[in-house]
Amino acid sequence: KDMTTLTWKIGGLLFKQLVKPVSKGLKDSSRKRPWLKNFCTVLGNWQHRISTRANVRLLGHKPLKVKPLSEDKALEYGANLLGEIMVFTSAMVVATGDYVRKMKLDKEKAIKSKKTKQKERKEINDKLDLFEKEIKRIGYENEVMLYLLRDIKATLKVAHFGDKKS
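Residue positions are counted from 1 within each chain, in the order its sequence is given. This being a predicted model, a pLDDT of at least 70 is required before a residue's local features are given, and a value of 80 or more before pairs of side-chain atoms are given or counted; all residues contribute to the totals for chains, interfaces and linings. Calculation of side-chain values draws on the structure's entire complement of heavy atoms; hydrogens and water are dropped beforehand.

### Describing the overall build of the chain
Next, step 1: Secondary structure is summarised from DSSP: a helix means a run of H or I of at least four residues, a strand means a run of E of at least two, and numbering begins at the N terminus for each. Secondary structure summary: the chain contains 3 helices and 0 strands in total.
Next, step 2: When its helices and strands are written in sequence order, the chain yields α-α-α.
Next, step 3: For this measure, only C-alpha atoms enter the radius of gyration; the expected value for a globule follows 2.2 Å times N^0.38, where N is the number of residues. Compactness check: the chain gives a C-alpha radius of gyration of 42 Å against a globular reference of 15 Å for 166 residues, more than 25% above the reference.
Next, step 4: Each residue's exposure class comes from its accessible area (1.4 Å probe, protein chains only) as a fraction of the maximum for that residue type: buried when under 20%, exposed when over 50%, partly exposed otherwise. Put simply, the chain has 166 residues, and 16% of those count as buried.
Next, step 5: Considering only contacts in the chain between residues 6 or more positions apart, those separated by 24 or more positions represent 75%.
Next, step 6: Surface accessibility of the chain: about 14000 Å² in total, with carbon and sulfur atoms responsible for 64%.
Next, step 7: Charge counting follows a simple rule: Lys and Arg are positive, Asp and Glu are negative, and His as well as the terminal groups are ignored. Think of each charge as sitting on NZ of Lys, CZ of Arg, CG of Asp or CD of Glu. In the chain, 38 positive and 19 negative side-chain charges are present, and the distance between their average locations comes to 12 Å. What makes two residues a contact is simply this: any of their non-hydrogen atoms within 4.5 Å. All accessible-area figures derive from a Shrake-Rupley calculation using a 1.4 Å probe, and residue coverage is judged against the displayed protein chains alone.

As structure tokens, then:
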């Protein structure tokens, strides 16, 4: 299990490290591909609007219309945001996978513990059953001995009283 944990951790780090160059490549290709350029420009302006409005509200003012960025600036902001989203998403995937893996291990551990407790409980119940049978057996033997003792006493009384009459 320790090796699995180590493999998972190394795999997660490797995955996150591989996402970074892919993210950078995506940023670089955003200038060359029209559909990606358009997407990043829209994303950059959206981010600019959201952050500007948030800053104006934090300063205690009411935000008005926010001017869009220049195409180059919006493209840069959008490509950076897209890259950050990719890195963040990869980290979340790794963290979620690690969480799911740990939950699975915890569940297996709980099942094993439950089975062990059930086995121990069964062994205790079996011993208690054995003790109960032994106590009943001893009780039965005591009853038989008491019966025999009474019988012997009765026989001795009869024999003793018989001696007095003679």
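### Here we look at the pattern of salt bridges
Next, step 1: Any Lys or Arg side-chain nitrogen found within 4 Å of a carboxyl oxygen on Asp or Glu counts as a salt bridge. Scanning the model with the defined rule gives 8 salt bridges in all.
Next, step 2: In this structure, D98 and K102 form a salt bridge, with 3.7 Å as the shortest nitrogen-oxygen distance. Taken together, the positions of D98 and K102, both in helix α3 (residues 71–165) and 4 residues apart, correspond to about one turn of that helix.
Next, step 3: Where E134 meets R137, a salt bridge forms, and the shortest distance between an N and an O atom there is 2.2 Å. Placement of both E134 and R137 in helix α3 is noted, with a separation of 3 residues, approximately one turn of the helix.
Next, step 4: One salt-bridge network, held together by shared partners, links D98, R101 and K102.

### Focus: the confidence of the model for the chain
Next, step 1: pLDDT measures the predictor's confidence residue by residue and takes values from 0 up to 100. When pLDDT is averaged across the chain, the result is 87; 94% of the residues are at 70 or more.
Next, step 2: Averaged pLDDT values for the elements of the chain fall to 79 in helix α1 (residues 2–29) and rise to 93 in helix α2 (residues 34–58).

### Comments concerning α2
Next, step 1: Under the convention used throughout, the expected extent of a helix is 1.5 Å for every residue step, that is, one less than its residue count. Helix length check: α2, at 25 residues, gives a terminal C-alpha distance of 36 Å against a target of 36 Å (1.5 Å per residue), a fit within 8%.
Next, step 2: Buried within α2 we find L36, C40, T41, L43, G44, N45 and H48.
Next, step 3: G60 sits one or two positions beyond α2 and adopts a positive phi of about 90°.

### A few points about a nonpolar patch on the surface
Next, step 1: Judged by side-chain polarity, I124, L128, F131 and I135 come together as a nonpolar surface patch covering roughly 430 Å² of accessible area.
Next, step 2: Along the polypeptide, I135 turns up in helix α3. Note on patches: the residues involved have over 30% relative accessible area and no salt bridge, like charges join within 9 Å, and the nonpolar side chains Val, Leu, Ile, Met, Phe, Trp and Tyr join within 5 Å.

### A look at the side chain of S30
Next, step 1: Its place among the elements puts S30 in the loop between α1 and α2.
Next, step 2: Apart from the residues within four sequence positions on either side, S30 is in contact with L36, K37, C40, L75 and A79.

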